Each structure stands twice: as structure tokens, then as C-alpha cells.
Amino acid sequence: MLVQIIAFLCVLGIAIGQILFKLSANSLEQTGHYFSPKTATIFFIALIIYGISTLAWIWVLQKVELGRVYPLMALAFVLVPLCSYFVFGEKFSTQYFIGISLIVMGIIVAVKA
């Protein structure tokens, strides 16, 4: 059970990292350079989260077969758009949410197999 929780936290870390990378890209667009305090800070935090998530993922892979746990990574395809909807106000069509639902169902089927 702990391995599955850590695996989910890895996926969550990847999703948060993506949102932070987008925030740093937005900041870069505003400031015009990578080394502005705001841009550099957001980017550095994203890298730290990605790094910790990667180390945790390696730990997960020591405990579980890759084929068993990797389908959870597809959750990032669900979490990132949901976060971008709330954080950036991005809009998605109904068809897009149908696709997300299919991904979730696929993850459930793959993990239960």
C-alpha cells in the first residue's frame, strides 16, 4: 500500500512540476530573462519537485514491476489539464473531458489487471 501511495505522490509531483514550469514560462515572458528572482525561484522549485519525484520513483521501481506501476503515470495526463483549468483558466471541450475519462478508465483497468 505504501508503494502505491508513493507512486501516486510521484505522479502528483510530476503534475505540480509541470504547472510550475508553466508558471516560470509565464514569468519569463513577463520579465524577459531567466534570472529574474520570480522566474528563477519558480523554476528552481519545479526542478526540486521533479528531482524528488524522480528519486521517489526509483524507490518505487525497486519495489514493484515497471509494467504494474507505470500506468499510474498516465494520471499526469489527467491532473495537469485539471490544474491548468483552475490555475490558468484554460478551457477544454467536452470531447477533451471524454478523452480524460477514457484515460482514467484505462488506468483502472490496467492497475487492476
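Higher on the page you've got the structure.
Residues numbered from 1 in each chain as written. Predicted model: local features only at pLDDT ≥ 70, side-chain atom pairs only at ≥ 80, totals over all residues. Heavy atoms only, no water.

J.: Even after reading the chapter, I still don't get the side chain of Ser84, so can you show me in this structure?
T.: Relative to the helices and strands, Ser84 resides in helix α4 (residues 76–88). On the basis of relative accessible area, Ser84 is assigned to the buried category, the value being 5%. If we ignore the near neighbours within four places in the chain, the residues touching Ser84 are Ile19, Gly89, Glu90 and Phe92. (Helix = DSSP H or I, 4+ residues; strand = E, 2+ residues; numbered from the N terminus. Buried < 20%, exposed > 50% of the residue type's maximum accessible area, 1.4 Å probe, protein only. Contact = heavy atoms within 4.5 Å.)

J.: So what exactly am I meant to see when it comes to the packing of aromatic side chains here?
T.: The geometry of an aromatic ring pair comes down to the distance between the two centres and the angle between the two planes. In the structure shown here, the tally under the stated rule is six aromatic pairs. A ring pair is formed by Phe21 and Phe43, whose centres lie 5.8 Å apart and whose planes are at 50°; its orientation type is tilted. Linking Phe21 in helix α1 (residues 2–31) with Phe43 in helix α2 (residues 37–63), this pair joins segments that are 22 residues apart in sequence. Residue Phe43 is classed as partly exposed on the basis of its relative accessible area, which comes to 39%. Here Tyr96 and Phe97 contribute two aromatic rings whose centre-to-centre distance is 6.1 Å and whose plane-to-plane angle is 90°, an arrangement assigned as edge-to-face. (Phe/Tyr/Trp six-rings, centres within 6.5 Å; stacked < 30°, edge-to-face > 60°.)

J.: Explain the packing of α1 against α4 here, please?
T.: A packed helix pair is summarised by two numbers, namely the angle formed by the two axes and the spacing between the axes. Axis separation between α1 and α4 bottoms out at 9 Å; the angle between their running directions is 40°. Relative to α4, the element α1 is oriented oblique. Crossing angle aside, the handedness with which α1 passes α4 is right-handed. Side by side, α1 and α4 meet where Val11, Leu12, Ala15, Gln18, Ile19, Lys22, Leu23 and Asn26 of the first sit next to Ala76, Leu79, Val80, Cys83, Ser84, Val87 and Phe88 of the second. For the contact of α1 with α4, the residue count by class is 11 nonpolar, three polar and one charged. (Axes fitted to C-alpha atoms, helices over the stretch in contact; angles between N-to-C directions. Parallel < 35°, antiparallel > 145°, perpendicular 65-115°, else oblique. Left-handed = near helix turned anticlockwise from the far one by under 90°. Nonpolar A, V, L, I, M, F, W, Y, C, P; charged D, E, K, R; others polar.)

J.: Where do I start with the nonpolar core in this structure?
T.: Where a protein is soluble and globular, its nonpolar side chains tend to be buried together. Formed by 14 residues in total, the largest nonpolar core has its most connected members in Ala7, Val11, Trp57, Val60, Val69, Leu72 and Leu75. Taken together, the elements giving at least two residues each to this core come down to α1, α2 and α4. The greatest single-element share of this core, amounting to five residues, is contributed by α1. Excluding residues that lie within four positions of it along the chain, Trp57 makes contacts with Ala7, Cys10, Val69, Tyr70 and Met73. (Core = buried A, V, L, I, M, F, W, Y, C linked by side-chain atoms within 4.5 Å.)

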